[in-house]
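# Structure assessment
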Amino acid sequence: MNYLKLFFFPLLLIIQSIYLIFLILRNLFYDFNILNEKKKNVNIICVGSLKLGGAGKTPLVEYLIKNFNNHNLAVLSRGYKRNTKGFLLANKNHSSEKIGDEPLQIINNNPDLLVAVCENRVNGVEKLISTNKNLKTVILDDGFQHRSLYRNLNILVTEYDFPYSNDSLFPIGNLREYKTASKRADIIVITKSPKEIPEEEKIKIKKKLSVLENQKIFFSFIKYKSPVNYLNNKIEMLNLKDKYFLLTGIGNSRPLLSYLSNNKIKFCHFRYSDHHNFKEIELKNLIKKGKYMKIEKLILTEKDFYRLGAEKLNLIKSYFDILILKIEFDFISEEKTMFNKQIRKFI
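Described in the following lines is the structure provided in the data block.

Parameters and conventions
Residues numbered from 1 in each chain as written. Predicted model: local features only at pLDDT ≥ 70, side-chain atom pairs only at ≥ 80, totals over all residues. Heavy atoms only, no water. Helix = DSSP H or I, 4+ residues; strand = E, 2+ residues; numbered from the N terminus. Buried < 20%, exposed > 50% of the residue type's maximum accessible area, 1.4 Å probe, protein only. Contact = heavy atoms within 4.5 Å. Areas by Shrake-Rupley, 256 points an atom, 1.4 Å probe, with all protein chains shown as cover. Lys, Arg positive; Asp, Glu negative; His and termini not counted. Charge placed at Lys NZ, Arg CZ, Asp CG, Glu CD. Arc of directions from axis to C-beta. Phe/Tyr/Trp six-rings, centres within 6.5 Å; stacked < 30°, edge-to-face > 60°. Core = buried A, V, L, I, M, F, W, Y, C linked by side-chain atoms within 4.5 Å. Pairing = 2+ DSSP bridges. Right-handed = clockwise from strand over helix to strand, strands pointing away. Disulfide = S-S within 2.5 Å. Salt bridge = Lys/Arg side-chain N within 4 Å of Asp/Glu carboxyl O.

### Points about the overall build of the protein
In terms of regular secondary structure, the protein is built from 11 helices and 14 strands. Out of the 347 residues belonging to the protein, those deemed buried represent 49%. A fraction of 76% describes how many contacts in the protein between residues 6 or more apart in sequence connect residues 24 or more apart. Accessible surface for the protein amounts to roughly 17,900 Å². Of this, 54% is attributable to carbon and sulfur atoms. Taking the average place of the 57 positive charges on the side chains of the protein and the average place of its 35 negative ones, the gap between the two points comes to 2 Å.

Pasting the structure below:
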């Protein structure tokens with residue numbers, strides 16, 4: 001805990017207590033059907049987390065799309081930090097300001113997929129159904145707390161290095177719901193795990209997370225692809241002799257830093273908060289530092305690339321060689337087959 005949080009701890013504790021009471025009452029209203037979860041005539045698969053910020057939700061959504069894609073599938077997101085309101089069907093020509101960076105990434109990677117944003121998930125699903133009368137399945141990206149909509153399958157993600165069991169409720173910690181809310185999940189996916197985990201370690205994690213007998217738990221990891229050069233769209237290997245700037249506005253950059261360090265890539269990291277809207281002055285300062293340090297290559301995550309947009313990309317490509325680093329989501333060992341079987345029951 002930093003000194004500022006320590007100084008304001010009594011106030012934060014009061015706010016946390018009020019927030020906790022609100023959450024308990026709200027969930028009790030749904031548990032006892034005082035508030036109703038509205039059912040729609042489609043399968044709803046929810047991918048969410050207890051944590052504020054990145055925990056690996058969208059990579060899992062893209063995994064689901066890749067492995068179970070069909071014309072009767074749609075994705076619905078809130079479109080975090082967009083400057084629009086209400087329901088909006090996504091297309092490749094939208095900016096991240098219109099639909100959010102993650103929906104823009106999803107639609108660019110899956111141009112034939114029905115993708116929409118709407119802060120009201122019930123209305124969003126209704127409009128998706130009216131758009132495609134044959135729709136059978138809707139994946140909610142970050143919808144675990146939206147209890148007004150009934151879901152057939154609740155998937156909760158949490159990070160291997162910092163699971164919800166090690167965290168506390170906002171504003172003292174980073175949890176938007178108390179830990180026992182995890183009981184609503186049908187499946188718990190541990191994200192950003194090592195590729196190999198001893199069985200004893202898995203058992204310890206299950207105990208820490210208080211996984212119920214009826215809940216399934218799976219361990220997943222991310223692998224980094226060779227970066228793509230923005231100018232020529234060609235794959236380019238990172239060179240051990242070169243030095244790079246790394247610009248990120250993501251929730252957890254630790255796995256990326258570990259990946260680059262383990263591969264002995266020399267880089268200077270400029271880190272911003274998740275979903276950061278990069279300002280022109282920040283990018284101009286980055287170019288100035290690049291000229292001063294004689295570094296001409298810039299690494300971007302895929303999410304940051306889509307958030308920058310054409311105008312800002314044109315600014316930084318005037319100096320930097322831009323390399324886009326994509327990730328791929330996968331499950332460890334035999335768990336992939338088991339997870340896929342679980343999902344096929346719902347699609």
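Okay, back to it.
### Things to note about helix α8 (residues 254–262)
Where α8 is concerned, the buried positions are Pro255, Leu256 and Leu260. Considered in projection along α8, the buried side chains sweep an arc of 130 degrees and stay on one side of the axis. In this structure, the buried side of α8 is in contact with β8 (216–224), β10 (243–248), β11 (266–271), β12 (297–301) and β13 (321–325). Once α8 ends, the next one or two residues include lysine 264, with phi positive near 60 degrees.

### Considerations on the packing of aromatic side chains
With the rule as written, the count across this model stands at 15 aromatic pairs. Between the aromatic rings of phenylalanine 245 and phenylalanine 270, the centroid separation amounts to 4.8 Å while the plane-to-plane angle is 80 degrees, which identifies the pairing as edge-to-face. In this pair, phenylalanine 245 is assigned in strand β10 and phenylalanine 270 in strand β11, connecting sequence segments 25 residues apart. The class for phenylalanine 245 is buried, based on a relative accessible area of 0%. We classify phenylalanine 270 as buried; its relative accessible area is 14%. Here the aromatic rings of phenylalanine 245 and phenylalanine 320 are separated by 5.7 Å at their centres, their planes lie at 55 degrees, and the arrangement is tilted. Of this pair, phenylalanine 245 sits in strand β10 while phenylalanine 320 sits in the loop between α10 (302–317) and β13; the two residues are 75 residues apart in sequence, bridging distant segments of the chain. Look at phenylalanine 320 and you get buried, because its relative accessible area is 2%. One aromatic cluster is present, built from ring pairs that chain together Tyr63, Phe218, Phe329, Phe331 and Phe339.

### What about the nonpolar core?
Grouped together as the largest cluster of nonpolar side chains are 49 residues, with contacts concentrated most on Leu60, Ile155, Ile316 and Phe339. The element contributing the most residues to this core is helix α3 (residues 57–68), with 6 residues. In this structure, leucine 60 is in contact with Val47, Ile155, Val157, Val189, Phe329, Phe331 and Phe339, ignoring residues within four places of it in sequence. The next biggest cluster of nonpolar side chains, apart from the first, holds 34 residues, and it includes Val42, Leu50, Leu128 and Leu140.

### With respect to the pairing of β8
Inspection of the sheet shows strand β7 (residues 187–191) paired to β8 by 4 bridges, in the parallel sense. For isoleucine 188, the partnering residue across the bridge sits in β8 and is isoleucine 217. For the handedness criterion, the β-α-β arrangement of β7, helix α7 (residues 199–208) and β8 is classed as right-handed. The pairing of β8 with strand β14 (residues 327–331) spans 5 bridges and is antiparallel. Looking at the pairing, serine 220 lines up with phenylalanine 331 of β14.

### Brief notes about the state of the cysteines
In this structure the tally under the stated criterion is 0 disulfides. Not engaged in a disulfide, the cysteine cysteine 46 finds its nearest cysteine sulfur in cysteine 118; these two sulfurs lie 15 Å apart.

### Details of the pattern of salt bridges
Note that side chains of opposite charge can pair when their charged atoms are close. Following the criterion strictly, the structure yields 22 salt bridges and no others. With its nearest N and O atoms 3.5 Å apart, the salt bridge here joins lysine 225 to glutamate 328. Note that lysine 225 is positioned in the loop between β8 and β9 (228–229) and glutamate 328 in strand β14, a separation of 103 residues in sequence. Ionic contacts of the salt-bridge type, sharing partners, join the residues Lys66, Lys223, Lys225, Glu328, Asp330 and Lys336 into one network.

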